[in-house]
Amino acid sequence: MTVTLDWFGCTTYRLNIDGLILFLDTFMDRLSTAPDVGMSSADITEADFAIIGHSHMDHMANADVIAKKTGAQVIGSHETIRVLTSAGVNSSQLLPSAGGETYQLNEDVTVRVFPSIHSCIWTSAEPPGVEVIGDLGVPQQERNRRLVERFSRDREAGLPSELAIEARNLRARNIGSDSDGGALDYLIDTPYGSIFFQNSMGYWSSILAGIRADIAILGCAGRGNIDGEPIQGSVEQFIAGVATTVRPKRMVLGHHDNWAGELDAPDLIDIAPIREKISKVLPGTEVIEPGYVDGMMLL
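Residues numbered from 1 in each chain as written. Predicted model: local features only at pLDDT ≥ 70, side-chain atom pairs only at ≥ 80, totals over all residues. Heavy atoms only, no water.

Could you give an account of the pairing of strand E2 (residues 13-17), naming the residues involved and the relevant values?
With respect to burial, E2 is a largely interior element, four of its five residues being buried. Taken together, the five bridges between strand E1 (residues 3-7) and E2 define a ladder with antiparallel strand orientation. Counted as the bridge partner of Val 3 is Ile 17 from E2. Across five bridges, the pairing between E2 and strand E3 (residues 20-24) is antiparallel. When the bridges of E3 are listed, Leu 15 appears paired with Leu 22. As consecutive antiparallel partners, E2 and E3 are separated by two residues, and within that stretch Asp 18 has a phi angle of approximately 50°, a positive value. (Buried < 20%, exposed > 50% of the residue type's maximum accessible area, 1.4 Å probe, protein only. Helix = DSSP H or I, 4+ residues; strand = E, 2+ residues; numbered from the N terminus. Pairing = 2+ DSSP bridges.)

Residue-level account of the sheet that holds strand E13 (residues 225-226), with values.
Taken in spatial order, the three strands of this open sheet run E11-E13-E14, and their pairing is mixed. If you trace the sheet from one side to the other, it starts and ends with strand E11 (202-203) and strand E14 (229-230), each paired once. Note that E13 and E14 share two bridges and pair antiparallel. Bridging from a neighbouring strand, Ile 226 pairs with Glu 229 of E14.

Can you tell me about the pattern of salt bridges, naming the residues and giving the values?
Using the criterion set out here, one finds 13 salt bridges in the structure. The closest approach of N and O atoms between Arg 146 and Asp 135, which form a salt bridge, is 3.2 Å. Within this pair, whereas Arg 146 is found in helix H4 (residues 140-152), its partner Asp 135 is found in the loop between strand E8 (110-115) and H4, the two being separated by 11 residues in sequence. For Asp 135, a relative accessible area of 27% puts it in the partly exposed group. (Salt bridge = Lys/Arg side-chain N within 4 Å of Asp/Glu carboxyl O.)

Explain the nonpolar core residue by residue, including any values.
Counting residues in hydrophobic clusters, the biggest one holds 29 residues, and the most contacted among them are Leu 15, Ile 75 and Ile 188. When residues no more than four places from it in sequence are discounted, the contact partners of Ile 188 are Leu 15, Ile 17, Leu 22, Leu 24, Ile 51, Val 109, Thr 110, Val 111, Gly 193, Ser 194 and Ile 195. Counting residues in each nonpolar core, the second largest holds 26 residues, with Leu 218, Ala 243, Leu 253 and Leu 282 among its members. (Core = buried A, V, L, I, M, F, W, Y, C linked by side-chain atoms within 4.5 Å. Contact = heavy atoms within 4.5 Å.)

Report on the packing of aromatic side chains, specifying residues and quantitative values.
Counted according to the given criterion, the structure contains five aromatic pairs. With a centroid separation of 6.0 Å and 15° between ring planes, the pair formed by Phe 8 and Phe 23 is classed as stacked. Within this pair, whereas Phe 8 is found in the loop between E1 and E2, its partner Phe 23 is found in strand E3, the two being separated by 15 residues in sequence. Here Phe 8 matches Phe 23 in class, with each residue buried. (Phe/Tyr/Trp six-rings, centres within 6.5 Å; stacked < 30°, edge-to-face > 60°.)

See the structure below:
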């Protein structure tokens, strides 16, 4: 009996736990300039549950398509559930969560929900290998102002006309919210071991301190958020902080591909600095960068 994992880019994964099909995030349908993940949401015919880390489009898009097509139940924040309700998903399939809940997925598998926090998208960020400092103590009003400015920009500016039309059409049908809705982390307990899922680089240290897992599936892009403040350091330092707390035997990394289809951007960000850091602080832990839909054996 096995647990297998497929990656669909960004932080969207499909777990198969002895036939129980569990999606971690659901964003699949992307611009043609993004790397091809091998499938679209229309290709998904089986799903029992979808677990959504937060409400931004690049994480919860296509949850409505998958839920309607398969009858899957969706676990997510109240903002995620609001968006899905507006998209016409039956309320009987929706499980609103704020952290502290435990759901029985079948007789052998449970998932626990933990309050978390989104990465600091209101400030500057760099790829792995580059330290970023500053922006400590910025009041929430100023953070909100920066976010409004960011989300009010023309998201198709600078794109060729045909690609701009494609982007507008995709945004019109891909659901999501400009609010993260309150990020959530998840701990999935299976007969073969536990799996920790964190789709954004943020955590409350007092909550993370109580979590241990055999597998950690982590987003590794952005400016880390620790207890409400931006990390004074690098992506690899943030990931090392999670790893040395949760202490997984294996780590699966995501959110480092060109999911937005940005022109002249690499398909994958170089995660070598993360590998190097983990080899020093948690030797023996395997760092996995999966391929798209490669059905890797996880447990």
